[in-house]
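# Structural overview
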Amino acid sequence: MRGPWFTSVLGVVLLGGITVLFVTGLLSYAAYNPDLSPVNDKTPDKGLLGFYLFAWPTDPPWLYRLNQGVHVTLGITLIPVLLAKLWSVVPKLFALPPVRSLAHALERISLLLLVGGVLFEFVTGVLNIQLDYVFPGSFYPLHFYGAWVFFAAFVVHVVLRAPAAVRNLRRMREGKGPQEEAGVEPEFPLVSPRPMEPTVSRRGALWLVGGGSLLLFATTAGQSFDGPLRRTALLAPHGAGDPGSGPGGFQINKTAAYRGITGRETSEEVWRLVVTGPTGSVRLSRAELLGLPLHSSALPIACVEGWSTSDQWWRGVRLRDLAALVGYEADAAPDVMVESLQRRGAFRKAALRANQVRDPRSLLALDVNGEPLTPDHGYPARVIAPAVPGVLNTKWVARMTFGDL
Ligand SMILES: Nc1nc2c(c(=O)[nH]1)N[C@H]1C(S)=C(S)[C@@H](COP(=O)(O)O)O[C@H]1N2
Ligand SMILES: [Mo]
């Protein structure tokens, strides 16, 4: 069963799938507006690797939801394919002599980066969406640099191996069987010279791999939807859990209690929003905010971990109207730095780009689905903006500083 046919089929699936993972991964990185450093992104020395960054658009509003849903769900679905592919080429690891030529040596080094890189990316990715932060340091630089190391090796590998894969698949379609079976001496043998009796057919093996992928897909994809579908996401930590009912009954990532937010500091008497800009600072209570022109937008929350909610109805003050309070024409509103009450831990603050601030759907939300925000969704006020990663929707907002970042 182990042989060029099996390897070629899996290889072609991974060629397409991993390319999509790489592109959606880079786009997800761009969606953070990492150039608003060092607030949004602390990846050191990204230098040239940040060459493609652009101001992330606000349309369509489900852009990040789709991008990240595809990235995470596809990544999980490809795990059986990846494992089967690695299994199918294990004999090559022990090929003798270990190095036959300079070209062969280079190919083997690229394989080290390829296999090491892909395992690293899948392991860190899965650990992150399972909220298991056992790796040293922050996930972002690890997954980001890992992706570049892996993809460089992937390109080398595809250039070197694609001709053989295509040849094998073509021969197969012509009913000739792969080269090795036709008695053509292969460059690097995959087939054992003395194979044991097969216990499963190739078709059976493909069904096993495909079935495994399908099972993972079916128990993951639901985390991108609300209602009964969400309960099918048995493998997603935020999937099958019950987010409760009522206006605030949608997915919560980190609760107010977990982030150390107390009822006192968010109370009507104590909490004030401080908005700062060129004309100075303004302090506003929640009642005063509710007295400003209020607007509604229907927007989802879409987390980097892949889960998302459908559109919720948010109501609050437009970010560009807040910029206008401290000296900016609404159409000339600049970037904003948003800080929360939270004292420790990740996502205490985040910055938004001018195009996001100017979008009339971007709000400092006070209500959701017709009721005041619940404590876990960011009461007294949170940011909500179209097409942004969840981490930029800062909850329990305390300060907003407008100005070019
Ligand atoms: N202050 C603060 N804001 C935050 C977070 C946080 O931990 N602290 N988590 C962020 C993340 S990662 C996501 S996905 C969303 C989740 O919002 P929700 O819990 O209302 O669904 O809030 C974001 N805002
Ligand atoms: Mo998130």
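Residues numbered from 1 in each chain as written. Chains lettered and ligands numbered in written order. Predicted model: local features only at pLDDT ≥ 70, side-chain atom pairs only at ≥ 80, totals over all residues. Heavy atoms only, no water.

## Observations concerning the overall build of the protein chain
What counts, and what does not: Helix numbers and strand numbers start at the N terminus; a helix is a DSSP run of H or I with at least 4 residues, a strand a run of E with at least 2. Under the scheme applied here, a residue whose accessible area is under 20% of the maximum for its type counts as buried, over 50% as exposed, and between as partly exposed, the area being computed with a 1.4 Å probe on protein chains only. It only takes one pair of heavy atoms within 4.5 Å for two residues to be counted as in contact. All accessibility values rest on the Shrake-Rupley procedure with a 1.4 Å probe; residue burial counts only the protein chains present in the view. Counted as positive: Lys and Arg. Counted as negative: Asp and Glu, with His and the chain ends omitted from the count. Just so you know, the charge point we use is NZ for Lys, CZ for Arg, CG for Asp and CD for Glu.
From N to C terminus, the protein chain includes 10 helices and 10 strands. C-alpha atoms of the protein chain, sized along the principal axes, occupy 80 × 45 × 35 Å. The burial tally for the protein chain puts 49% of its 405 residues in the buried class. Counting contacts in the protein chain only where the partners sit at least 6 residues apart, residues at least 24 apart contribute 69% of the total. Within the structure as shown, the protein chain displays about 19600 Å² of accessible surface, and the carbon and sulfur contribution to it stands at 65%. Where the 38 positive side-chain charges of the protein chain centre and where its 31 negative ones centre are 6 Å apart.

## Comments concerning the domain arrangement of the protein chain
As a reminder, the rule being used: Marked domain ranges trace back to an automatic or database domain assignment. As a working definition, buried area equals the accessible area (1.4 Å probe) given up by two parts on being put together, with both sides summed. Basic side-chain nitrogens of Lys or Arg form a salt bridge, by our definition, when they fall within 4 Å of a carboxyl oxygen of Asp or Glu. Any N or O atom pair separated by 3.5 Å or less is treated as a polar contact, with the protein-specific requirement of one donor-capable and one acceptor-capable atom, and with residues adjacent in sequence counted only for side-chain atom pairs. Any residue outside Ala, Val, Leu, Ile, Met, Phe, Trp, Tyr, Cys, Pro, Asp, Glu, Lys and Arg is labelled polar, Gly included; the first ten of those are nonpolar and the last four are charged.
According to the domain assignment, the protein chain consists of domain 1 (4–218) and domain 2 (273–402). Distance between the C-alpha centres of domain 1 and domain 2: 38 Å. Contact residues are listed per partner, giving 26 residues for domain 1 and 28 residues for domain 2. Both faces combined, the contact of domain 1 with domain 2 buries some 2100 Å², and carbon together with sulfur accounts for 59% of it. Contact with domain 2 buries surface across domain 1, with L36, T58 and R65 losing the most and accounting together for 29% of the total. Remark: the boundary between domain 1 and domain 2 carries 1 salt bridge. At the junction of domain 1 and domain 2, the tally comes to 11 residue pairs in polar contact (both at pLDDT 80 or more). Those elements that place two or more of their residues in the side of domain 1 that touches domain 2 are α1 (4–31), α2 (63–77) and α5 (102–129). At 6 residues, the largest contribution of residues to the side of domain 1 that touches domain 2 is made by α2. Looking at the side of domain 1 that touches domain 2 residue by residue, the class counts come to 16 nonpolar, 7 polar and 3 charged.

## Re the packing of α1 against α2
Where we set the bar: A fitted line through C-alpha atoms represents every axis, and for helices the fit uses only the stretch in contact; the resulting angles, taken between N-to-C directions, go from 0 to 180 degrees. By the definition adopted for this analysis, an angle is roughly parallel if under 35 degrees, roughly antiparallel if over 145, roughly perpendicular if from 65 to 115, and oblique otherwise. Crossing handedness: left-handed means the near helix sits turned counterclockwise from the far one by under a right angle, and right-handed means the same turn made clockwise.
Between α1 and α2, the shortest axis-to-axis distance is 9 Å and the interhelical angle comes to 140°. In terms of axis orientation, α1 runs oblique to α2. The handedness of the crossing between α1 and α2 is left-handed. Facing α1, whose interface residues are G17, V20, L21, T24, G25, L27, S28 and A31, α2 presents Y64, N67, Q68, V70, H71, L74 and G75.

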